[in-house]
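# Structural overview for review
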Amino acid sequence: MVNAIEINDVSVQYDGNFVLENTSMNIPYGILMGVIGMNGAGKSTLFKVIMGLVQPVTGRVEICGDPPSVSQKHGHVAYVPQNELVDWDFPVSVYEVVMMGRVGLQNIFKTPSKEDREYVENALTKVNMMDFVGRQIGELSGGQKKRVFVARALAQGADILLLDEPFAGLDAVSEKSLTKLLVDLKNEGKTVILATHELTSLPDICDQVALVRKTIVAYGPTKEVFTRELVSKTFDGIMHNLKFDN
Amino acid sequence: MDIIQFIVEPLQYAFMLKAVVVSIVVGAACALLSCFLILKGWSLLGDAISHAVLPGVVVAYIIGIPFSIGAFFFALLAVVMIGLIKTNTKIKEDAIMGIVFTTMFALGLILISKVTSTIDLTHVLFGELLGISDEAAIYTIGTLTLVAAIILIFRRSFLVFCFDVVHAQSVGMRVRYIHYAFLILLAITITGSLQTVGIILVIAMLITPGSTAFLITKRFPVMLQIAVVVSVFSSVTGSYASYYYDVSTGGAIVFLQGCIFLLVFGYQTILSKMKLKTKVQQMS
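Helix and strand content of chain A: nine helices and nine strands. Compactness check: chain A gives a C-alpha radius of gyration of 18 Å against a globular reference of 18 Å for 246 residues, within 12% of the reference. With the principal axes as the frame, chain A shows a C-alpha extent of 50 × 40 × 35 Å. For chain A, the share of sequence-separated contacts (at least 6 apart) that also reach a separation of at least 24 residues comes to 67%.

Right, let's talk about the sheet that holds strand 4 (residues 58-63) of chain A for a bit. Residues and elements named next belong to chain A. Taken in spatial order, the three strands make up an open sheet running 2-1-4, and their pairing is antiparallel. Only two strands of the sheet have a single partner each, and these edge strands are strand 2 (17-27) and strand 4. The sheet shows a mean angle of 25 degrees between the axes of neighbouring strands, taken without regard to direction. As defined by bridge partners, strand 1 (residues 5-14) adjoins strand 4 across five bridges and the pair is classed as antiparallel. Bridge pairing in strand 4 places Ile-5 opposite Ile-63. Sheet strands touched by helix 1 (residues 43-51): strand 1, strand 2 and strand 4. Its angle to strand 1, the strand with the most contacts, is close to 120 degrees.

What follows concerns the packing of helix 3 (residues 43-52) of chain B against helix 11 (residues 175-205) of chain B. The description of two helices packed together rests on the angle between their axes and the distance between the axes. All names here are of chain B. As a packed pair, helix 3 and helix 11 sit with axes 9 Å apart at the nearest point and diverge in direction by 80 degrees. Here helix 3 is positioned roughly perpendicular relative to helix 11, judged by the angle of their axes. For the pair helix 3 and helix 11, the contacting residues are Leu-45, Gly-46, Asp-47, Ile-49, Ser-50 and His-51 in the first and Leu-186, Ala-187, Ile-190, Ile-199, Val-202 and Ile-203 in the second. Residue composition of the contact of helix 3 with helix 11, grouped by class: eight nonpolar, three polar and one charged.

All names here are of chain B. Between helix 5 (residues 67-88) and helix 6 (residues 93-115), whose axes approach to 10 Å, the crossing angle comes to 145 degrees. Remark: the crossing between helix 5 and helix 6 carries right-handed chirality. Here Phe-74, Ala-78, Met-81, Ile-82, Ile-85 and Lys-86 of helix 5 come into contact with helix 6, specifically with Glu-93, Ile-96, Met-97, Val-100, Phe-101 and Met-104. Partitioning the contact of helix 5 with helix 6 into residue classes produces ten nonpolar, no polar and two charged.

Between chain B and chain A, the contact holds 21 residues from the first and 20 residues from the second. Per element, the largest residue contribution to the side of chain B that touches chain A is five residues, and it comes from helix 10 (residues 165-170) of chain B.

This brings us to the domain arrangement of chain A. Residues and elements named next belong to chain A. Domain annotation of chain A identifies domain 1 (1-62 + 164-246) and domain 2 (77-158). Here the C-alpha centroids of domain 1 and domain 2 sit 24 Å apart. Counting residues at the interface gives twelve residues for domain 1, matched by 13 residues for domain 2. Listed by contribution, the elements that provide at least two residues to the side of domain 1 that touches domain 2 are helix 1 and helix 6 (172-187).

Turning our attention to helix 14 (residues 249-283) of chain B. All names here are of chain B. Here helix 14 spans 51 Å end to end across 35 residues, near enough to the 51 Å set by a 1.5 Å rise per residue. Those residues of helix 14 lying buried are Thr-249, Gly-250, Ala-252, Ile-253, Val-254, Leu-256, Gln-257 and Phe-261. In this structure, the buried residues of helix 14 make contact with helix 2 (14-40), helix 7 (121-126), helix 11, helix 12 (208-216) and helix 13 (220-245).

Moving on, we come to the confidence of the model for chain A. Confidence in the prediction of chain A, expressed as mean pLDDT, is 92, and 97% of residues score 70 or more. Per-element confidence in chain A is highest for helix 3 (residues 94-99) of chain A, whose mean pLDDT is 97, and lowest for helix 9 (residues 228-234) of chain A, whose mean pLDDT is 88.

All names here are of chain A. Spatial strand order, 5-6-7-3-8-9: six strands in an open sheet with mixed pairing. If you trace the sheet from one side to the other, it starts and ends with strand 5 (77-80) and strand 9 (216-221), each paired once. Strand-to-strand twist across the sheet, computed as the mean angle between neighbouring axes with direction ignored, equals 15 degrees. Note: strand 6 (residues 160-164) against strand 7 (residues 191-195), five bridges, orientation parallel. The residue of strand 7 that forms the bridge with Leu-163 is Leu-194. Sitting on the sheet, helix 5 (residues 142-155) touches strand 5 and strand 6, and the angle it makes with strand 5 is about 170 degrees.

The next subject is the environment of Thr-217 of chain B. The topology assignment puts Thr-217 of chain B in the loop between helix 12 and helix 13. Residue Thr-217 of chain B is classed as partly exposed on the basis of its C-beta count, with 16 C-beta atoms lying within 10 Å. As for Thr-217 of chain B and Arg-176 of chain B, which are separated by 41 residues in sequence, their C-alpha atoms are 30 Å apart. Those residues within four positions of Thr-217 of chain B in sequence are excluded, and the remaining contacts are Pro-91 of chain A together with Val-222, Met-223 and Ile-226 of chain B.

All names here are of chain A. Burial analysis of strand 7 places five of its five residues in the buried class, the great majority of the element. The alternating pattern of strand 7 places Thr-191, Ile-193 and Ala-195 and Val-192 and Leu-194 on opposite faces, both of which are buried. Bridge count for strand 3 (residues 32-36) against strand 7 is four bridges, and the pairing is parallel. The residue bridging Val-35 from the neighbouring strand is Ala-195, located in strand 7.

Thresholds, definitions, all that
Residues numbered from 1 in each chain as written. Chains lettered and ligands numbered in written order. Predicted model: local features only at pLDDT ≥ 70, side-chain atom pairs only at ≥ 80, totals over all residues. Helix = DSSP H or I, 4+ residues; strand = E, 2+ residues; numbered from the N terminus. Rg over C-alpha atoms; globule rule 2.2 N^0.38 Å. Contact = placed C-beta atoms within 7 Å. Pairing = 2+ DSSP bridges. Axes fitted to C-alpha atoms, helices over the stretch in contact; angles between N-to-C directions. Parallel < 35°, antiparallel > 145°, perpendicular 65-115°, else oblique. Nonpolar A, V, L, I, M, F, W, Y, C, P; charged D, E, K, R; others polar. Left-handed = near helix turned anticlockwise from the far one by under 90°. Domains from an automatic or database assignment. Expected span 1.5 Å × (residues − 1). Buried ≥ 20, exposed ≤ 12 C-beta atoms within 10 Å, placed from the backbone. pLDDT = per-residue confidence, 0-100.

Spelled out as structure tokens, the structure:
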């Protein structure tokens, strides 16, 4: 069986500087992976490459066996943006945002069909947000905001979910319930990949970890990769208050 | 004089009837576009393009083609130049817009002062709705009806584009096409509005109605409707004010829009203060 994501010797350049160099990684279906690294290490670029928003100068990316341009049309990959990158005053309701998950599959006029509505309602039920369909998105709590965008990803029919800093700014309760949602999705076969700075809870949530520093320093099962030695290598050794199993 | 006579009497004159119809179409098209512009944070772009069309008007006059075509060409030129400088330097977009539109506007001033004295600068800058020619009226009504129709038909795509361009791109929407389609619609709207309110005041038409509607509602479809109602009301009332009191038409339209915005703002500020007060009283 092909992997959910295969990244083969990918390099990305911005303004003549390499932000990712000779990066390779295979991500199997149905795992929860944490992507960690310092700010500016290339986590966002890695996500952009997977979404097909950035063209690598070398190498090859395959999403569910297809190049990103093809996988975009199928809606295989969905992106859940950082909270601070969303305009929360935008006059759209929860329902309308989740419906935006369907735009790639709709005709040119983007008129919602009955099937679209079913997808949206199922997605909202799944993330437990059906009671908030009419709310303007700015009127939600931090955790609810995240759920709406996860619902948009589900409405899109995505198999792979990319989440950028999903736990930033969440209280402990919201973090716990979002984690449960992500684990549930993984257990249903979705591939969930999150870029995060929450290193303490990482070993409890993630099956696999990828360490990023201009390239993939290491990736694989959390137990093998989330070690003092490799994490120090990724973060310049400033990791005193972290506990490691081994 | 009763109210019906007040409204109907001016319409007996062809120029006034024409002016009212044109102002309705311009008001509606600008209002629809303004909702997207202010949400996307592109208000300044409307400002830039509208100034940049001035040399186009003069060049069109010199070579004897319709003003709108010359204006449209220079509008596109401004957009292309802004894009070109942005992709090749690290200068922020607002600064680039400022440089491009003032330079082109200045070129327009030079051309007017040197080449011809028959173009009335104030008409280009502030419009001449009550004196609009038949051809100009037909052009404006035709193009802006088309613009309004396109915006309404593709409103959902434009909304996704304004709200979350990364998502739009990641599900395979052609955001580059949407981006340019949007800019071309903006350029057409500005050139079409040239004779109505002029290139300075069209900026207000492209910002104020959407902003007023944004104050009132949190639902986008309602926002579109409110913006159109406010804008068309201001346009028609402004035309009448101009007829009865002999004041600048563009000035009257835009001033009215600004007043409505301030009224809504004032009403809402007082309302929220009062709500806060009752809440505090209930708590204590």
